[in-house]
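The primary structure of each chain is shown beneath.
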Amino acid sequence: MKQRIDLASWNRREHFAFFSAFEEPFFGLVAPVNCTGAQAEAKRLGVSFFLYYLHHAVQAANEVPEFRTRIEDGQVYRYDRVHASATLGRPDHTFAFSFIEQHDELSGFVAAATAEIAAVQASSGLRLGPTTGRPDVLHCSAIPWVRFTGLTHARSFSHPDSCPKISFSQTYEENGTTWMNVAVNVHHALADGYHVGQFLQAFEQRLKREVLD
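Residues numbered from 1 in each chain as written. Predicted model: local features only at pLDDT ≥ 70, side-chain atom pairs only at ≥ 80, totals over all residues. Heavy atoms only, no water.

- Looking at an unreviewed UniProt entry, one finds the protein chain named Chloramphenicol acetyltransferase and attributed to Hymenobacter elongatus.

Observations regarding the pairing of strand 4 (residues 75–79)
Moving on, step 1. Sheet analysis places strand 1 (residues 2–4) next to strand 4, joined by three bridges and oriented antiparallel. The residue bridging Arg4 from the neighbouring strand is Tyr77, located in strand 4.
Moving on, step 2. Here four bridges tie strand 3 (residues 69–72) to strand 4, and the two strands are oriented antiparallel to one another. Considered in strand 4, the bridge of Ile71 is made with Val76.
Moving on, step 3. Counted between consecutive antiparallel strands, the loop separating strand 3 from strand 4 contains two residues, among which Asp73 sits at a positive phi close to 55°. (Pairing = 2+ DSSP bridges. Helix = DSSP H or I, 4+ residues; strand = E, 2+ residues; numbered from the N terminus.)

Let's talk about the side chain of Arg70
Moving on, step 1. Tracing the sequence through the fold places Arg70 in strand 3.
Moving on, step 2. Buried charge Arg70 goes without a salt bridge, the closest partner of opposite sign being Glu72 at 6.6 Å.
Moving on, step 3. Engagement of the side chain of Arg70 in a polar contact is seen with the backbone oxygen of Pro135, the distance being 2.7 Å.
Moving on, step 4. Of note is the side chain of Arg70, whose polar atom sits 2.8 Å from the backbone oxygen of Val137. (Buried < 20%, exposed > 50% of the residue type's maximum accessible area, 1.4 Å probe, protein only. Lys, Arg positive; Asp, Glu negative; His and termini not counted. Salt bridge = Lys/Arg side-chain N within 4 Å of Asp/Glu carboxyl O. Polar contact = N/O pair within 3.5 Å; in protein donor to acceptor, adjacent residues only side chain to side chain.)

Quick word on helix 4 (residues 106–121)
Moving on, step 1. Between its first and last C-alpha, helix 4 extends 22 Å over 16 residues, near the 22 Å set by a 1.5 Å rise per residue.
Moving on, step 2. All of the buried residues along helix 4 are Leu106, Phe109, Val110, Ala113, Glu116 and Val120. Considered in projection along helix 4, the buried side chains sweep an arc of 130° and stay on one side of the axis.
Moving on, step 3. Those residues of helix 4 hidden inside the fold are in contact with helix 2 (38–45), helix 3 (49–62), strand 6 (88–89) and strand 7 (95–96). (Expected span 1.5 Å × (residues − 1). Arc of directions from axis to C-beta. Contact = heavy atoms within 4.5 Å.)

Some words on the sheet that holds strand 9 (residues 165–174)
Moving on, step 1. Spatial ordering of the open sheet is given by 2-10-9-8-5, a layout of five strands whose pairing is mixed. Of all the strands in the sheet, just strand 2 (26–34) and strand 5 (83–86) have a single pairing partner and so form its edges. Adjacent strand axes in the sheet meet at a mean angle of 30° when their direction is disregarded.
Moving on, step 2. Sheet analysis places strand 2 next to strand 10 (residues 177–187), joined by nine bridges and oriented antiparallel. Considered in strand 10, the bridge of Asn34 is made with Trp179. (Axes fitted to C-alpha atoms, helices over the stretch in contact; angles between N-to-C directions.)

Brief notes about unusual backbone geometry
Moving on, step 1. For His93, which is not glycine, the phi torsion reads 70° and is therefore positive.
Moving on, step 2. Inspection of the secondary structure assignment puts His93 in the loop between strand 6 and strand 7.
Moving on, step 3. Despite not being glycine, Asn175 has its phi angle at roughly 55°, a positive value.
Moving on, step 4. Mapped onto the secondary structure, Asn175 falls in the loop between strand 9 and strand 10.
Moving on, step 5. For Asn175, a relative accessible area of 82% translates into the label exposed.

Here it is, written out as C-alpha cells:
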C-alpha cells in the first residue's frame, strides 16, 4: 500500500522542486557500521551473514519514512513497507537482480531470499522484469571482497529512479571491533543526510540489539 503526499502542504516541497530538476539528484556517503558479534550471531542461528545483515538493513530502512518515499510520474508516494532488490551472484561471477519480500521475522526473510537465490542460480542474465524493477524496493548489493571507502553507481539519467541504494563492504577488524562500511545513496528531493544518519543508526542498533538479546 502507498499514500500520495500532498505536495502543496509537504514541508519538502521546495526541496523536491529544486533537486528534482537536477541531472543527477542522488547523493551518497560511506560510513562504518559496528557489527561486532553479528557474524557469530548469524552463525549461531544457522543463516548466512549476508542474509542476516540484509534483513536488518531493510528493517532499519523501513523505520525511516524517507526511505519508503518514491517519485512516480511526477507525484510523491510513501509506501507502508519496502523490500529488497538485491544483486545475487552466481559461480560464474555474473549476477542477477532479485526481489526479496521483507518479513518482520528473520526466518521468513531468509526463506524468501533462499527461493530467490535458487532462482538466480537456475537462470542466466540479469532477470530484469516488473518484479525486480518495482519501485517499493531498496537496491542492495554486497562487495565482500573489498573494504571500500567510496562507491559510485552506474545510472541512466533518462530512467526515472528514486529508490535508495545500499551497498555493504568487506568486514574488517580494528582494535577488537568488527566494522563494515556501508554506502548509502538517496534521492536528494526525498531525503537528506539527516535521514541517512537515521538509517545507519537504526541499522547499527539492530545489529547490536540482536546480538545482546
